[in-house]
Amino acid sequence: MQNRIRQVAKLLIFSASFFLLSFFQIPTYKQHFSFPYKKAGLTEREAAAHLLNRFTYGATPGQIDEVVNMGLEKWFEQQLNGTLADDSLNQKLSGYDALKLSNEQIANAFPKPGQILRMAVKDGKVDKDSVKTDKKEYREQLQAYMQQNNLRPQQELFRQFINQKVLRAAYSNNQLQEMLTDFWFNHFNVSITKNDCAQFIPDYERDVIRPNVFGKFENLLLGTAKSPAMLLYLDNFSSSGENTNASLQQNQKLRQMIPQKQEGMMTDSAQKNQLKKLQNAKKAQGLNENYAREVMELHTLGVDGGYTQQDVTQAARVLTGWTIYPMGDNGWGNAIKKVIEKFGEDKLSEHGFVHEGDFLFAINRHDNKEKTVLGKNFAANGGYEEGVQLLKMLAHHPSTAKFICKKIAVRFVSDNPPQSLIDKMAKTFTEKDGDIKEVLITMATAPEFWNKEVIRAKTKSPFELAISAVRALNVDIKQPYQIFVWADKMGQKMYFYQAPTGFPDKGQYWINTGALLNRMNFGLAIASQRIAGTKLDLLSLNNRHEPESATAALLTYGKLIMPERNLDETVKRLTPMLNDPELVKKINDAADKNTAPQTSMVNNGVVMNDPDSYRDDDGVGNKGGKGLKGLKKGNNTLQTVAGNNSMLSQVVGIIIGSPEFQRK
Amino acid sequence: MVSRRGFLKGGGLAMFGIGIGGVPTFMARAANSSKQFSPYKKKKVLVCIFQRGAMDGLMAVTPFTDTYLQAARPTLFMSAAKDSKTTPLIDLDGKFGLHPGMKSFESMFRSKQLAIVHGIGSPNNTRSHFDAQDYMESGTPFDKGTGSGWLNRAVGLMGHDATPFRAVSLTSSMPRSFYGDNPSIAINNLQDFAIQLKGNPMGANMAAKSFEDLYDQTSSGLLKETGKESFDAVKMLKKFDVRNYKPENNVVYTATALGNALKQVAQLIKMDVGLEVAFAESGGWDTHFNQGTELGVFARNANDLSGSITAFWNDMGSTYQDDVTLMTMTEFGRTVHQNGTGGTDHGRASCNFILGNDVNGGTVYNNMKPLAVENLEDGRDLPVTTDFRSVFSEVADKHLKINNDKVLFPGWNGSKIGVMRT
């Protein structure tokens with residue numbers, strides 16, 4: 001009997017819990033955090049605007065309503081997962097073939113210019129003396145050679161890469177993922193200005209940064225440490241020490257070899273001399289401290305994180321032998337290839353080598369003696385694992401928690417985030433094993449994040465400004481490269497920041513006299529469709545209702561472009577001018593006179609659809625606004641702006657260039 | 001008679017203001033050739049070039065008789081001997097040899113306009129680029145909290161009338177040296193100094209007026225201040241034809257970022273718009289890898305640096321040379337020993353160049369001992385024997401007449417080395 005009762009009870013409990021479960025599963029969303037914006041005195045819409053300002057590249061028309069309807073917390077949770085479908089973005093990106101290639105395929109298809117030349121000379125297809133004498137002939141020979149061998153210019157790779165950056169920022173539904181990709185790339189900065197690492201940067205962002213932006217910090221650190229882009233950018237690929245291990249000493253000669261960096265074209269005897277000298281130098285072993293220093297100063301502990309020059313040198317010794325596995329047919333890593341042949345590819349791990357993808361731990365070049373870093377002893381013969389231990393130790397160091405959390409807070413909260421917020425985030429960082437997602441939740445649920453003082457306190461970077469305008473105006477970008485060119489003009493050349501610090505994240509850095517004028521000019525240019533390859537329809541933003549006057553346009557579009565902001569003062573200031581009928585007429589007349597019918601240049605595929613600026617910018621290292629010529633030529637592709645609309649685009653341009661729109 | 005400066009500061013400026021189309025032709029005519037209509041009288045100008053990345057001072061100006069150096073740099077050491085197959089160093093004084101890439105410096109050194117200080121650096125031994133640059137540019141090597149840059153403070157100490165062009169950096173972003181309360185400008189290209197709306201000047205004028213109003217009322221202090229500076233600058237530059245600049249003495253500037261920057265500095269100086277401190281950058285000195293000798297990365301940089309500076313100096317010609325002093329700086333030097341990859345790592349002291357008619361030139365100022373290990377800092381680096389502030393403050397004092405070291409370099413009270421004429 002008792003048994004029976006028990007059974008019935010069990011059954012009841014079972015069905016009840018089933019019922020309860022299903023009840024909870026269907027209608028409610030399981031949310032384990034909430035945003036304290038009401039306490040800070042913000043309305044839900046204001047809070048949604050703040051969220052979009054900080055965690056996206058800018059709100060699109062109507063997006064505040066979407067977020068409010070969905071629930072702010074749910075929206076954020078969705079963004080933290082980064083798994084929203086992105087069909088239309090993927091469609092736009094589908095033509096960029098180079099972005100799908102592996103590093104090795106890229107090394108084969110897009111060799112460095114000097115490399116192409118060497119190959120062509122070697123194959124007897126280019127007379128090396130013609131390099132000096134006849135530029136035209138030489139160029140033609142080289143082009144023919146490239147075509148025959150399916151070689152492509154590196155600028156094309158960078159162009160595809162830069163275009164995808166613009167498109168993702170503008171159109172990805174997973175905005176937070178893109179913001180974080182930008183943040184972590186900048187944190188672990190590598191630069192196209194350094195030619196040796198440049199070709200590996202697309203893979204670096206795609207496979208090392210983007211998949212890890214919501215994960216554990218440690219994974220980012222290890223991933224970047226082992227990536228060809230970082231190994232080359234901070235020179236660790238070449239850093240070597242002495243391995244006193246007997247079995248490796250038999251390969252004395254090989255041990256001394258370090259990866260061959262490709263020399264430039266050698267044309268005269270002085271240069272040959274030079275090459276010989278350099279090759280001799282390479283045979284000498286060399287410790288290179290560059291990465292070891294920056295990994296502590298910039299990637300983990302911070303400059304005041306408590307390490308010494310001694311620690312830097314010791315860490316550099318720990319990381320000797322961390323290099324790149326030979327790749328490509330074009331001669332990359334020839335010296336290492338010989339080492340591998342000698343040991344046998346299948347026997348590498350037996351000898352203590354580690355080969356993972358593009359990464360190689362070359363134990364023959366690893367200093368196997370004892371080391372001490374930050375008080376931690378690394379016993380002799382630690383091999384590859386001691387480097388891993390070192391990086392894990394750095395990732396979990398208390399200084400790292402503070403340093404990283406402050407940097408995140410500076411990016412997403414304010415230029416001078418309160419210490420109380422950093423402490424909360426650092427606590428989470430430490431307790432949750434460096435889980436970035438958890439740190440972001442701690443930040444966004446902290447009262448400090450919603451404090452009125454930090455609302456709109458951040459200044460948009462030039463790239464953020466450009467993309468936020470694209471998003472606010474629903475601009476259809478056909479030539480993404482032009483957006484990059486404008487961001488450069490305003491002071492931010494994406495992927496070309498030379499120093500390992502990455503772009504500074506302070507308004508003071510971005511806002512100066514010249515840059516500010518260019519921001520205003522950008523506003524006018526984009527609103528009047530004077531940026532080549534951009535298409536927008538201002539009237540459709542307002543359901544095709546044409547504003548009755550310039551003042552009405554200012555009111556309506558001000559609200560559309562900068563929702564949830566007080567625009568009274570802006571309107572008051574501009575109204576007298578906008579009401580001057582003479583002025584409006586003159587502007588429209590001038591616009592009508594000067595606009596040419598639209599000529600489309602957007603018909604030959606995704607990749608090369610902006611030939612003008614393609615020619616103007618060689619993609620690597622050329623500063624000084626060379627690429628800007630493309631802008632001027634771009635004016636030929638102006639679209640017709642119907643009479644009344646030129647006043648409208650003028651007003652919208654002023655809104656985009658206004659001080660309010662520079663803030664987020 | 002109303003002084004030009006007063007005229008401009010008063011309502012006169014409005015005459016060239018935005019909103020009035022076109023530039024008075026007499027102004028345009030005067031702009032390039034004569035200083036007659038210039039609003040500011042000639043001023044002393046200090047031009048600073050920051051060599052980012054840390055220049056190897058031992059390669060730029062080599063103590064070529066030092067056998068320790070020769071031994072420490074088996075493939076990087078260069079000789080001054082004329083019989084070698086390679087291009088020799090330029091023997092300056094029997095002890096130091098100038099890198100052949102800097103050949104154009106030689107004549108200025110011989111004519112005593114160019115001085116070299118060797119062993120210059122910071123008392124703070126950080127070997128981080130970022131930190132060392134930060135300390136050098138703030139001018140406070142042990143204080144990270146200094147918000148302002150030393151050149152910004154210098155401008156403040158001169159205390160001359162406000163013109164937006166007192167301090168101009170020919171860079172796309174504001175350098176640390178210019179951070180601070182005194183208005184300064186960063187611009188890559190002077191031609192960008194305008195509100196532009198191609199094909200619709202009326203629209204551009206209207207937009208400019210709108211922007212000026214909006215930036216004037218914004219609650220963001222940063223945007224408001226910068227906005228005001230921007231519009232003042234636009235109004236002043238409107239008078240000049242910056243596009244068609246013709247340097248003096250048939251000078252041709254190198255088509256490099258530095259050459260272009262110095263060319264624009266020259267333009268600003270000749271416009272007499274009140275420039276007192278100019279700043280430009282030279283990059284690529286972080287030669288960890290394959291530094292090269294008479295050819296290669298270092299040589300290319302050396303060539304660019306000296307070529308650009310020489311072009312600038314010749315462009316200044318006799319009319320302006322007396323007013324201008326140019327000084328280079330770099331965050332630290334590089335290891336005495338070459339590394340295993342044909343380059344040099346982060347070290348301590350480097351050297352710098354000071355050019356001008358007030359300079360006690362023709363000398364390599366130094367206290368360099370033989371580069372034996374026991375004479376090196378941490379057993380590896382050329383020790384700092386001259387605090388960079390000794391030189392910077394002396395240049396500021398003698399050329400710009402700033403003698404308040406307490407403000408210019410707080411916490412420092414070292415002595416000067418006599419690199420400037422008294």
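Look up: the structure comes first, before these words.
Note that the coordinates shown come from a computational prediction; the quantities given were computed from them, not determined experimentally. (Residues numbered from 1 in each chain as written. Chains lettered and ligands numbered in written order. Predicted model: local features only at pLDDT ≥ 70, side-chain atom pairs only at ≥ 80, totals over all residues. Heavy atoms only, no water.)

Caption draft 1: How the structure looks around the overall build of chain B. Counting its secondary structure elements, chain B contains 13 helices and 12 strands. Of all 422 residues assigned to chain B, the portion counted as buried reaches 63%. Taking the contacts inside chain B whose residues are at least 6 apart along the sequence as the reference set, 74% of them involve residues at least 24 apart. (Helix = DSSP H or I, 4+ residues; strand = E, 2+ residues; numbered from the N terminus. Buried < 20%, exposed > 50% of the residue type's maximum accessible area, 1.4 Å probe, protein only. Contact = heavy atoms within 4.5 Å.)

Caption draft 2: Expanded view of the overall build of chain A. The helix and strand inventory of chain A stands at 38 helices and 7 strands. Within chain A, buried positions represent 58% of all 664 residues. Within chain A, residue pairs in contact and separated by at least 24 positions form 76% of the contacts whose partners lie at least 6 positions apart. Carbon together with sulfur atoms contributes 51% to the accessible area of chain A, which is approximately 27200 Å² in total. (Areas by Shrake-Rupley, 256 points an atom, 1.4 Å probe, with all protein chains shown as cover.)

Caption draft 3: Layout of the interface of chain A and chain B. Taken together, the contact between chain A and chain B spans 69 residues of the former and 67 residues of the latter. When the two sides are added together, the surface that chain A and chain B hide from each other amounts to roughly 5900 Å², 61% of it contributed by carbon and sulfur. At the boundary of chain A with chain B, the tally comes to 2 salt bridges. A salt bridge links Asp216(B) to Arg573(A); the shortest N-O distance between them is 3.5 Å. The interface formed by chain A and chain B includes 11 residue pairs in polar contact (both at pLDDT 80 or more). Looking at the side of chain A that touches chain B, the elements with two or more residues in it are helix H18 (269-283), helix H19 (290-299), helix H29 (507-510), helix H30 (513-527), helix H33 (568-578), helix H34 (581-594), helix H37 (643-657) and helix H38 (659-662) of chain A. Here the side of chain A that touches chain B takes 9 residues from H30(A), the largest share from any one element. A breakdown of the residues in the side of chain A that touches chain B according to their chemical character gives 25 nonpolar, 28 polar and 16 charged. (Buried area = accessible area lost by both parts, 1.4 Å probe. Salt bridge = Lys/Arg side-chain N within 4 Å of Asp/Glu carboxyl O. Polar contact = N/O pair within 3.5 Å; in protein donor to acceptor, adjacent residues only side chain to side chain. Nonpolar A, V, L, I, M, F, W, Y, C, P; charged D, E, K, R; others polar.)

Caption draft 4: Just the packing of aromatic side chains, in detail. All names here are of chain A. In total, this model carries 40 aromatic pairs over all chains according to the counting rule given. Judged by centre distance (5.8 Å) and plane angle (45°), the rings of Trp-184 and Phe-217 are tilted. Here the residue Trp-184 occupies a position in helix H11 (residues 175-187), and Phe-217 occupies one in helix H14 (residues 217-225), the gap between them amounting to 33 residues. Overall, the relative accessible area of 0% leaves Trp-184 in the buried class. Taken together, a centroid distance of 5.1 Å and an interplanar angle of 65° make the contact between Trp-322 and Phe-359 edge-to-face. Of this pair, Trp-322 sits in strand E1 (residues 322-324) while Phe-359 sits in strand E3 (residues 359-361), placing them 37 residues apart in sequence. Classification of Phe-359 by relative accessible area gives buried; the value is 2%. (Phe/Tyr/Trp six-rings, centres within 6.5 Å; stacked < 30°, edge-to-face > 60°.)

Caption draft 5: Region of interest: the nonpolar core. Among the nonpolar cores identified, the biggest contains 268 residues, and Phe76(A), Trp184(A), Phe312(B) and Phe353(B) are the most heavily contacted of them. With sequence-adjacent residues up to four places away left out, Trp184(A) is seen in contact with Ile209(A), Val213(A), Phe217(A), Leu220(A), Ile404(A), Ile408(A) and Ile436(A). Membership of the second largest hydrophobic core comes to 40 residues, among which are Phe503(A), Phe279(B), Tyr365(B) and Val391(B). (Core = buried A, V, L, I, M, F, W, Y, C linked by side-chain atoms within 4.5 Å.)

Caption draft 6: Examining the packing of helix H3 (residues 63-70) of chain A against helix H4 (residues 72-81) of chain A more closely. Residue and element names in this part refer to chain A. Running from N to C, H3 and H4 cross one another at 100°; their axes reach a closest spacing of 5 Å. One element, H3, and the other, H4, form an angle in the roughly perpendicular class. The residues of H4 that touch H3, namely those facing Val-67, Val-68 and Met-70, are Leu-72, Lys-74, Trp-75 and Gln-78. Class assignment for the residues of the contact of H3 with H4 results in 5 nonpolar, 1 polar and 1 charged. (Axes fitted to C-alpha atoms, helices over the stretch in contact; angles between N-to-C directions. Parallel < 35°, antiparallel > 145°, perpendicular 65-115°, else oblique.)

Caption draft 7: Region of the structure containing the pattern of salt bridges. Here the structure, examined in full by the defined rule, presents 56 salt bridges over all chains. Here Glu289(A) ties to Arg380(B) by a salt bridge, and the two come within 3.1 Å at their closest N and O atoms. With Glu289(A) in the loop between H18 and H19 and Arg380(B) in the loop between strand E11 (364-365) and strand E12 (386-387), the pair connects residues from two separate chains. Each member of the pair Glu289(A) and Arg380(B) is classed as buried. Notably, a salt bridge pairs Asp315(B) with Lys270(B), separated by 2.6 Å at the nearest N-O pair. With Asp315(B) in helix H11 (residues 297-321) and Lys270(B) in helix H10 (residues 257-271), this residue pair connects regions lying 45 residues apart in the sequence. Since its relative accessible area comes to 13%, Lys270(B) is described here as buried.

Caption draft 8: Geometry of helix H32 (residues 550-561) of chain A. All names here are of chain A. For H32, with 12 residues, the first-to-last C-alpha span of 16 Å sits near the 16 Å given by 1.5 Å per residue. By the burial criterion, the buried members of H32 are Ala-550, Thr-551, Ala-553, Leu-554, Tyr-557, Gly-558 and Ile-561. Axial view of H32: buried residues confined to an arc of 150°, hence all on one face. (Expected span 1.5 Å × (residues − 1). Arc of directions from axis to C-beta.)

Caption draft 9: Up close: the packing of helix H10 (residues 154-171) of chain A against helix H13 (residues 201-209) of chain A. Residues and elements named next belong to chain A. Relative orientation of the contacting elements H10 and H13 amounts to 35°, with a least axis distance of 10 Å. Between H10 and H13, the contacting residues are Leu-157, Phe-161, Gln-164 and Lys-165 on the first element and Ile-201, Pro-202 and Glu-205 on the second. Residue classes in the contact of H10 with H13 are distributed as 4 nonpolar, 1 polar and 2 charged.

Caption draft 10: Spotlight on the sheet that holds strand E2 (residues 354-356) of chain A. Residue and element names in this part refer to chain A. Reading across from one edge, E1-E3-E2 is the order of the 3 strands in this open sheet, with antiparallel pairing throughout. Strand pairing shows two members of the sheet lacking a second neighbour, E1 and E2, which therefore form its edges. Going from strand to strand, the sheet's axes swing by 25° on average, the running direction of each strand aside. Examined bridge by bridge, E1 and E3 share 3 bridges and lie antiparallel to one another. Residue pairing in the sheet places Ile-324 in a bridge with Phe-359 of E3. (Pairing = 2+ DSSP bridges.)

Caption draft 11: Main features of the pairing of strand E1 (residues 45-51) of chain B. Residue and element names in this part refer to chain B. Most of E1 sits out of view: 7 of its 7 residues are buried. Of the strand pairs in this sheet, E1 and strand E9 (residues 324-330) are connected by 7 bridges, and their pairing is parallel. Note that in E9 the partner of Phe-50 across the bridge is Met-329. In the sheet, E1 pairs with strand E8 (residues 277-282) via 6 bridges, with the strands oriented parallel. Paired with Phe-50 across the bridge in E8 is Glu-281.

Caption draft 12: Representation of unusual backbone geometry. At Asn150(A), a residue that is not glycine, the phi angle is positive and equals roughly 55°. With a relative accessible area of 62%, Asn150(A) lands in the exposed category. Backbone geometry at Lys112(B) places phi at a positive 65°, although glycine is not the residue there.

Caption draft 13: Up close: the sheet that holds strand E4 (residues 96-98) of chain B. Residues and elements named next belong to chain B. Read across the open sheet, the 3 strands follow the order E2-E4-E3; overall the sheet is antiparallel. The open sheet is flanked by strand E2 (61-63) and strand E3 (90-91), the only strands paired with a single partner. Here E2 pairs with E4 via 3 bridges, running antiparallel. Within E4, the position partnered with Pro-63 by the bridge is Phe-96.

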